[in-house]
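Structural features, examined
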Amino acid sequence: MMHRGENSPSAAICKLCGEVFTLPEDEVDGNLPRVLLCGHIYCTSCLRSIQCGSVITCPECEVKSTLPEGGVYCLQEDSRIIGLIYTAKMNKMKSLHCDRSRNRRRNKLSSSSEIKSNTEDVDQPADIEKIERVVDEALVQAAENLAQLEHIHETLTTGLAEQVKREGARLEMEIKQAADKAFHAIQKWRDVQLTQLTKLEAQFSASRAEACHVQEKIKALEIAMQMAREVRRVPFLEQYCTLDKVLETLQAPVDNQSFNMKCITMGSGMSCVFQSESLSQSLAVSLKMEVSSPKHLSKTPPKGSHLGSSNRKSPLQRAEGRKCMSPSRNKPPSPQKQDKESPGVYSHSSRGSSPSPRPRRGSNTSSHSSGSDIGTPDVIVEELLEEGQEHALPPTGPELANDKWRIQRRRKNQIFGNKRNVTQWVVVTHVVNPSHFYVRYVAEKRESEILSKKINCFCSRDSCHFTSSDTVETGSMIFVKWKEGLWCRASVVEVLQIGLVEAVKACKVTQLASVRVFFLDYGLTKSITVQSEEGTTESSLKAVNKHLRKVGEALNVELGHFAPQAIRCSLKDLVPYDLTKGWSKEAQVEFRSVVSSAAVEMRPLGQDRDSLLVDLRKAPMDQSSDVPISVREYLVFIEVARFYSPVTLSRRPLLYYPPIYPKINTELNAVVSHINNPADFYIQLVDNMESLLLSAKLQDCYNATTVAGQDDLCIYCPVIGQACVARYDDKLWYRAQVIGHPGGRKVEVRFVDFGNKKILSVSDLRKIKDEFFALPSMAVHCCLSNVIALDGETWSDACTNRFISLAHQKLVTIVATGRVPKTEPLPVKLFESGLNGPLSNIAELLVQEELACFKDKPKSKHARPPGEDSTIWDPPLELGLATEGLDSPDQKVLKKQDEDLLEFQPQLKLPAQLKDLKVRVCHVNSPSSFYVQFTQYDSQLKSICELVKKECALMEPQDVVWKADMYCAAQINGVWERGQICSDVTSSNIAEVIRCDHGNKVKLHVSNLRPLPTSLMGSLALECTLTDIRPAGGRSTWTATACDLFSHYLTGASAVMTIKELTDERPAPVTLFCSNKMGQFVSIADFLASEGLALRERKPRDADIQKPKETDAQSPVSETQTFSSAGEKRNTPHHPTPPLNPFPPQSSLISTPTPPKPAPRTIMSAEKVKTELYLPPELPCLGHIQMNVSAIGEDGLIYTRTQYAECQLEQLRERIQQSLKTLPRQKPYTWKSVLGCAVIGPDMLWYRGQLLEVLGGHVKVQYVDYGLLENIPVVHVYPMLLCDDVPQLCMPCQLHGVNPVGGRWQRDAVALLREVLLNRCVDIQVVELPTDPREPLTVELSLDGLSLSRILCHLEHATLERTISTQKVHSVMSPAPFLDDWDIDPEGLRGPEEPVLGPFIYPKLPQEGEQFQVRVKHLLTPNELFLWPLEGTADVEVDGETLDEALTRINANIYSLPQLSNFPHGGPCLAEYSDGKYYRAKLMRFTSVEPIMLLVQHVDFGSDDTLPVSKLRRMPVELLRFPSRALKVKVAGFKAPSVNREEHVLPYSPGWSVKAAMDMIDLLHSNITASVVAREPELTVLLYDEDGELVHLPLVSSGLAELE
């Protein structure tokens, strides 16, 4: 059996595993080469390892081959390679036989001479009998041998004829196949070479450079001529240009001698050479493209046109050159030729048949020379590779994460993918510090094992041993013994020679003292000392070879196919805890201990020069949590590292402004936000309107960052006293301050706007933005004035609980009684507050109840506070007039009110007086739908809550079928309340419940519901709508801005309300008044109209006549409308007593002369109708389906119907039209309980609909079978169901994993969806089904095989979610036809060799608040622009020249710079501008592929440009030392208007109009100064004009912007 690497032909080696093909011998199975259907050849062992069932996928071309019934062993064997192996084996056996015969003759001669000498010396008689016996035995044995030989000869003679016939047929077929392959290979070579002639221009670099030089002069002359013409036309322009230089350019003569015109007479030096050598049984053909020294063109034929040979290589040989390896040559190729052979490039003729052999270093070509080598190929066509490519060092930096040939290796192994920006599992192999460590991909374990086997096999060869003539050089690759039996490849870092102290670049092996190496696959640097005991050459070599092995050129090339396994990484944004001491030993130890040797999850976050910026995540250390632990956060938390922050260590963190204390002896309204005890509580003053918007801004800001997954604001190492934003139990964000570290990744914070404390996890904290420091802390620390605990020290729980019930979260009136240091609580007097002024003194109530005592002198608990009224509310004016002359009116009023309080009323009873009702707004949907509670029924509400709790708290859960409109008792946040079911409860057991006494809806599990007793059914919340106004902008619905503003100011606010009309319609029409900060009552309708969010409703002229006056006479027996538990109207007779009747009796009205009045208008009661929803649509199954698109909603929902639903729709139309022949009678209805309805469409046909909203005389309906939304008059809608047994045929769909730009779909995006989807049958992949069948399906939609999500993202209408963009997108394409097998030639593609340049540097700006002069360079939007500070940023000089001078120098010889070949995001480059000159820029992204166009940003101007690759040059490193001249900033103080009334908007920022941008440009033309407001998360400034006014104020005043 042949030893691998010794006398083995290069073709006899498997190119996948590197093992030698072997023939079966005796009982040992061989490792035969077998051919796949694609023509590629691998050994039997490799094919068995990659077999997957009955299919094998080729590792090289990925073509699937189906195995025959016998499996791998029945695949066709490659007879050509087997012939080579057999020939090499025969030659070896012949050489061994010759050696044995020579040794036998030599031994025979020596033995005969010895016998002669012995016979001469010893004269003894021979034993004749013994000799005869031995001879007889030998003759018997010879006879047996002769018989066996005759039998063997007969067998061979018989089988020879069959062998000749069989082999003749096989060889005839192989000869024809080999000739066809050679013909196709030559034809392929010809086509490739002819194609390369299109790139011949690259060979004439001198001519091209000279032409560019002339073109540059032409361009300069044209510019000078244009300038001269302008100066000639307008003479005063001379002061704006250097006229002398212009004239010098115009008058400069053209010197023909200065141009090299001989360059166009030079030839390329290239020639095509054909060589052939024919022998009796072999034919060698060689086709070469050779390059010689370029010579002048002549009339003689080119030198290379005739047969000849040359050792020079053409640049084109790297991709197309061919080389013949003649089988007749008896000597191996020269070392030079061996170095230039490609180790991994195969002929294209092998596609579909068998590949060309891969040459290996050390292969012996003499095996081809024998004339009897029947297995040798007749025609060998091999490709050449560029010499420099195989010697290129493999990359060692972070580019390994997505390097080209690393990806090719993964593609061959079929288990790897692109690893850039994808979470991967790695093993940390070596740690220097947290900013310098190495990892290996777990997915490349198999590749590592293959590499290790190869290296160990190489090191076992004698050819890898160092000899005395070898040297060790710095930067070369060698093999180093890692441990016994394991060798690794390493790069030489430092070489020390015997007798020298300093390191040397190269050293003889025999003089080697020590060597320091870097292990490419582990990241470890190690010093190896060579110790020789004797000091001789042999002992030195033995000592070196004990630890080291050399890597030859061929091995170096072969190992170049394996990327270095160790990737250098750094934990992103992590710096040592103490920057002055650097990384501590503890940090290194902790890092090693946390990652250990187990696999960890690596998340790439960026790249910094030669390091990959990552975060490592390890499985949790304890079993209580399944959340992986971030190594970065762990190191920060144990205080061995910290996150990088631009704030210097000496700078104190920002703190909140202290709260504004109230003035002494001044009554102010406040809310008690938190109570510890009466001597320790916090209040919030309510006179600051800006504080109302703080919470909303906090939620908008931090919820957006949480949804987007941004971790820039996360806090990992909180500091005592640090200001932050914390998430409370209600999942809302509030301003807070860190006050303690309890341990266990917990922190204690105090909410500065409320005063309460809470222990939270670090993950619930966020960095606070500077804009939230503007408002001072709102929680004022207070204590009750002149009150102490009963024992003088400790407040009892009863006292504290009573104080909480009186004041917590309630509006109170406070009076500060003194001044104290801000570290102590402020003494205040607390009064229960009402609309008519302060009421009871809370301190006196506590004293009266004997829960506290006064400091000075205790007062009687029955003492009345001075000035306190005897009545809780002032009696109405009418009531006071009616009770004139009666005794003790105050007592009777109190008696009447007490009776009302004692009378239990579960249902709301509207008072007889409808004007100036004191209410509290409890829930807001919109100005057309909000709920109020009457303050006079507060005691009723409290009693009802207690009764509900008493009835239902101890009740066990019951199996109740909950239907719509059923009353229930609901446990909401631990409190039992009355509720009403909104819709039938489905199998999800989640019920939507409206809170009867508050108005808002909540979703609860049915386990939190109990049946409500009939005696408790009802509601104390009244649904209202504002009258006399309508939405602005011609809209039928209220905008989100109007609803938000209305909700911010009114939710929980006290107000005065007047009911305009007493009907059973809901919502009730009302007018609402609230007090402003001046104490004046303001109409909310007027307020909305003044803000531009509402318009006044037009009133008809006779409205006053038709409206009944509120002073009209009423009968003494009035009927008060109430609502029963079932919602029906009932009339309850009510006989008021004479003293309390607010109106005079009827007899008095008759006797009193009054002017004639119209009769009161009778109120026509509307018929109450209730309809259910149509049945939900039948949802399809998960998977692929074809559906028709019927409508596109404004919210981006896509309404579709299945093919079956299309058939049902036709039948439904006929059924509806036949069932309805006439119009039903129109009546006034109460639309509140109407869900499903019938609609008369514009075509006067009937359709099924769903009522969504009532808008005055119109209603908003949705066609349930089409998805369309429409506002139509009420007269066209009927509260009845059509064909209610047929489910809804249209179902809404939403795109999977797509977020619209700006959070909602823009008009142009919806228009695009309608244009491409409406009335079209599309392919849909149903990804997720909703729990509620009426909710949208989550789908992926494709148009002719193209993903709609990708189309929207490409057109920048939407963005893919991070979790979706990093995953493989589900295929929603239809089965596509078989695609053509493109013949893509990957040769000539080279990895990036240009150095990766660092980022640009930015100038230092003044401190925040300081103003400095700036110049605006470029404007993106009115509040987003590029500027350049003028002060302190004069032209920086580097090596004695400014940036302009350096650019002028480089532009003068710009074509000497190479074109850009590496395109990293944000990478620096030189880009050509429209003036023909090159300026500094950075790469942004590719804009097109055919042709290739890139978007670049000029860093010194801020403008963008789209350029081809030909207009980009590699930037010299020295230009990076100049700071960038354009800083991108955000201008604070204003934002885009919420309602843009301009027609023309910026296409890339639709919120801004073109007019706003143009006006902002005009405002920026004056002298502008700026001051820095914030540096994080983006640089934010304020801009001022020459007068010191804010630049953006004119935009705000003109309505083109809004204040932020």
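It should be noted that the structure appears before, not after, this text.
Structure report, in brief.

Parameters and conventions
Residues numbered from 1 in each chain as written. Predicted model: local features only at pLDDT ≥ 70, side-chain atom pairs only at ≥ 80, totals over all residues. Heavy atoms only, no water. Salt bridge = Lys/Arg side-chain N within 4 Å of Asp/Glu carboxyl O. Helix = DSSP H or I, 4+ residues; strand = E, 2+ residues; numbered from the N terminus. Buried < 20%, exposed > 50% of the residue type's maximum accessible area, 1.4 Å probe, protein only. Pairing = 2+ DSSP bridges. Axes fitted to C-alpha atoms, helices over the stretch in contact; angles between N-to-C directions. Core = buried A, V, L, I, M, F, W, Y, C linked by side-chain atoms within 4.5 Å. Contact = heavy atoms within 4.5 Å. Phe/Tyr/Trp six-rings, centres within 6.5 Å; stacked < 30°, edge-to-face > 60°. Lys NZ or Arg CZ within 6 Å of the ring centre and 35° of its normal.

Let us now look at the pattern of salt bridges. Enumeration over the complete set of coordinates arrives at 37 salt bridges. Salt-bridge contacts for Glu 558 lead to Lys 454; the nearest nitrogen and oxygen are separated by 3.3 Å. Residue Glu 558 is found in helix 11 (residues 553-559), and its partner Lys 454 is found in helix 9 (residues 445-459); the two are separated by 104 residues along the sequence. When its relative accessible area of 6% is taken as the criterion, Lys 454 is described as buried. For the salt bridge of Asp 1285 with Arg 1215, the shortest nitrogen-to-oxygen distance reads 3.1 Å. Placement of Asp 1285 in the loop between strand 61 (1277-1278) and strand 62 (1291-1295) and of Arg 1215 in helix 24 (residues 1203-1219) is noted, with a sequence separation of 70 residues between them. Residue Arg 1215 is classed as partly exposed on the basis of its relative accessible area of 39%. Each of Glu 167, Arg 170 and Glu 174 takes part in a single network of salt bridges with overlapping partners.

Let us look at the sheet that holds strand 79 (residues 1568-1574). Spatially, 5 strands are ordered 68-69-75-80-79 in a closed barrel, and the strand pairing comes out mixed. Neighbouring strand axes in the sheet, compared pairwise and without regard to direction, differ in orientation by 55° on average. Where strand 68 (residues 1411-1421) lies against strand 69 (residues 1424-1429), 6 bridges are found, and the strand directions are antiparallel. Paired with Val 1416 across the two strands is Leu 1427, which belongs to strand 69.

A word on the nonpolar core. The biggest cluster of nonpolar side chains holds 44 residues, and the ones touching the most others in it are Phe 930, Phe 934, Leu 1022, Met 1057 and Leu 1072. By residue number, the principal contributor to this core is helix 20 (residues 1040-1050), which donates 5 residues. Excluding residues within four positions of it along the chain, Phe 930 makes contact with His 923, Val 924, Asn 925, Leu 1022, Glu 1023, Cys 1024, Thr 1025, Leu 1026, Phe 1046, Val 1070 and Leu 1072.

Enumeration over the complete set of coordinates arrives at 22 aromatic pairs. The interplanar angle of 70° and the centroid separation of 5.0 Å between the aromatic rings of Phe 437 and Phe 591 together place this pair among those described as edge-to-face. Here the residue Phe 437 occupies a position in strand 11 (residues 436-441), and Phe 591 occupies one in helix 12 (residues 585-595), the gap between them amounting to 154 residues. In terms of burial, Phe 437 and Phe 591 fall into one category: buried. The ring of Tyr 522 is capped by Arg 440, whose NZ or CZ atom sits 4.7 Å from the centre of that ring. Here the guanidinium or amino end of Arg 1248 rests over the ring plane of Tyr 1174, the centre of that ring lying 4.6 Å away.

The two faces of a sheet get side chains in turn, since along a regular strand they alternate between them. Here strand 72 (residues 1493-1498) pairs with strand 73 (residues 1504-1508) via 5 bridges, running antiparallel. Following the sheet pairing, Gln 1497 is matched in strand 73 by Asp 1504. Here strand 72 hands over to strand 73 after 5 residues, with Gly 1502 in that stretch at a positive phi of 90°.

Moving on, we get to unusual backbone geometry. Cis geometry marks the peptide bond from Arg 1066 to Pro 1067; its omega dihedral reads 10°. Structurally, the position occupied by Pro 1067 is in the loop between strand 47 (1054-1059) and strand 48 (1068-1075). The phi dihedral of Gln 809 is positive, around 60°, even though this residue is not glycine. Take Gln 809: it is sitting in the loop between helix 15 (797-807) and strand 34 (811-816). At Glu 850, a position not held by glycine, the phi torsion is positive, near 60°. When you line up the elements, Glu 850 lands in the loop between helix 16 (842-848) and strand 37 (853-854).

Function cannot be inferred from these measures alone, as they are strictly geometric.
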